[in-house]
Amino acid sequence: MDWITLLKAQQFDFIQRLKFACLLNCNIQGQHSELTVISGENLDQLRDFCWKMVSKYRTNDPKNCFINNMKGKLGEEVIKTRLSNLVTEVDYETRINGDGKIDFTLTRDSSIGIQVKARSGIFDTVQWSISQEEINKNAVLVCILIQEKVSEAQSIYNLITVGFIPTNMIVLKHNKGILDIKSLLYFGGLRSYLENLILSKKNNAIKENITKVSDDENKDLFININDYSEYKNIQESSYLEDLDNDDYYDYFKGYSEL
């Protein structure tokens, strides 16, 4: 069974439990949870930021501006709580050009972006949308369901991580991707997916650099390989293609560029 099939099966189970409000709830930061509760000082900080955004844009519809910003920040706060130090900090700066269509990047690889969408509604009818530009700039879309009506007076929010999807799996229609809960993969697989994405990029970088550098350069780069002739045999054979992740690190742990 491949990983996509497995996460789709878990997503189906999650949807069945969601119908009866039977969700996993963990209050420990950095740990997986299907439900995240935001209230108190944490919510006050989000509320203050959203009012600053209203003041910044001097909109004719301050209520709607507040609500839209609050939805976005609630979603970001959930991801920061669940992924913790795997991702960058939540951005509370009211920048002129916004967030550049990227809500988070990974702390170990800033080229990997995460887009977060938070929506209110009934779980089996609500939809999340993503633009072509957001798809181009992000590796993953994460979808959040807000159970309460968003308002300035709301004192507590119960937020559900309804799933994620790699952006290269999103089908576009009129330059926009529209997804419902059944289109997503189970959120519990997100951390492993991101960690493997980082590892895959590193392994690809190793292969690319091995093919580019000369033999003399390789002698300097792989200073921790005791027998250089062994490396030569690996380089000239198809064995390199069959190395798994642990093998790469065993052979090339002295490669100073990684």
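Treat the numbers as computed from the prediction; the structure is a model and nothing was measured.

Chemist: Tell me about the packing of helix H2 (residues 40-57) against helix H3 (residues 62-83), and name the residues and values.
Modeler: Direction vectors running N to C along H2 and H3 enclose 140°, while the axes themselves pass 9 Å from each other. Between H2 and H3, the angle is such that the two are oblique. With respect to the hand of their crossing, H2 and H3 are arranged in right-handed fashion. Contact residues: H2 offers Asn-42, Leu-43, Leu-46, Arg-47, Phe-49, Cys-50, Trp-51, Met-53 and Val-54, while H3 offers Pro-62, Cys-65, Phe-66, Asn-69, Met-70, Lys-73, Leu-74 and Glu-77. Class assignment of the residues belonging to the contact of H2 with H3 gives a composition of twelve nonpolar, two polar and three charged.

Chemist: Residues and numbers for helix H1 (residues 3-18), please.
Modeler: The first and last C-alpha atoms of H1 sit 22 Å apart over 16 residues, in line with the 22 Å expected at 1.5 Å per residue. For H1, the set of buried residues is Leu-7, Gln-11, Phe-14, Ile-15 and Leu-18. Along the axis of H1, the buried positions cluster into a sector of 100°, meaning they face one direction only. Along its buried surface, H1 packs onto strand E6 (156-166). Where H1 begins, the side chain of Asp-2 points an oxygen toward the backbone nitrogen of Ile-4, at a separation of 3.0 Å.

Chemist: Any details on unusual backbone geometry? Residues and values, ideally.
Modeler: Even without being glycine, Arg-58 reaches a positive phi, approximately 45°. Position of Arg-58 relative to the elements: it lies in the loop between H2 and H3. Its relative accessible area of 71% is what places Arg-58 among the exposed residues. The phi dihedral of Asn-175 is positive, around 60°, even though this residue is not glycine. Its place among the elements puts Asn-175 in the loop between E6 and strand E7 (176-179).

Chemist: Describe the pattern of salt bridges, listing the residues and the values that go with them.
Modeler: Under the definition given, this model contains nine salt bridges. Glu-34 serves as the salt-bridge partner of Arg-17, at 2.6 Å between the closest nitrogen and oxygen. Of the two residues, Arg-17 is situated in helix H1 and Glu-34 in the loop between H1 and strand E1 (35-39); the sequence distance between them amounts to 17 residues. What makes Glu-34 buried here is its relative accessible area of 2%. Arg-47 is paired through a salt bridge with Asp-44; the nearest N and O atoms lie 2.8 Å apart. Separated by three residues within a single helix, Arg-47 and Asp-44 lie in helix H2, roughly one turn from each other. Exposure remark for Asp-44: the relative accessible area of 38% places this residue in the partly exposed category. The structure contains a network of salt bridges with shared partners spanning Asp-13, Arg-17 and Glu-34.

Chemist: Let's hear about the packing of aromatic side chains: which residues, and what values?
Modeler: Counted according to the given criterion, the structure contains four aromatic pairs. Seen from their ring centres, Phe-14 and Tyr-186 are 6.0 Å apart, and the 55° between their planes marks the pair as tilted. A residue pair is termed long-range when its members are at least 10 positions apart, and Phe-14 in helix H1 and Tyr-186 in the loop between E7 and helix H5 (190-212) qualify at 172 residues. Taken together, the aromatic side chains of Trp-3, Phe-164 and Tyr-193 make up a single cluster linked through ring pairs. Here Lys-73 stacks its cationic end above the ring of Phe-49, 4.6 Å away from the centre of that ring.

Rules of the game
Residues numbered from 1 in each chain as written. Predicted model: local features only at pLDDT ≥ 70, side-chain atom pairs only at ≥ 80, totals over all residues. Heavy atoms only, no water. Axes fitted to C-alpha atoms, helices over the stretch in contact; angles between N-to-C directions. Helix = DSSP H or I, 4+ residues; strand = E, 2+ residues; numbered from the N terminus. Parallel < 35°, antiparallel > 145°, perpendicular 65-115°, else oblique. Left-handed = near helix turned anticlockwise from the far one by under 90°. Contact = heavy atoms within 4.5 Å. Nonpolar A, V, L, I, M, F, W, Y, C, P; charged D, E, K, R; others polar. Expected span 1.5 Å × (residues − 1). Buried < 20%, exposed > 50% of the residue type's maximum accessible area, 1.4 Å probe, protein only. Arc of directions from axis to C-beta. Polar contact = N/O pair within 3.5 Å; in protein donor to acceptor, adjacent residues only side chain to side chain. Salt bridge = Lys/Arg side-chain N within 4 Å of Asp/Glu carboxyl O. Phe/Tyr/Trp six-rings, centres within 6.5 Å; stacked < 30°, edge-to-face > 60°. Lys NZ or Arg CZ within 6 Å of the ring centre and 35° of its normal.

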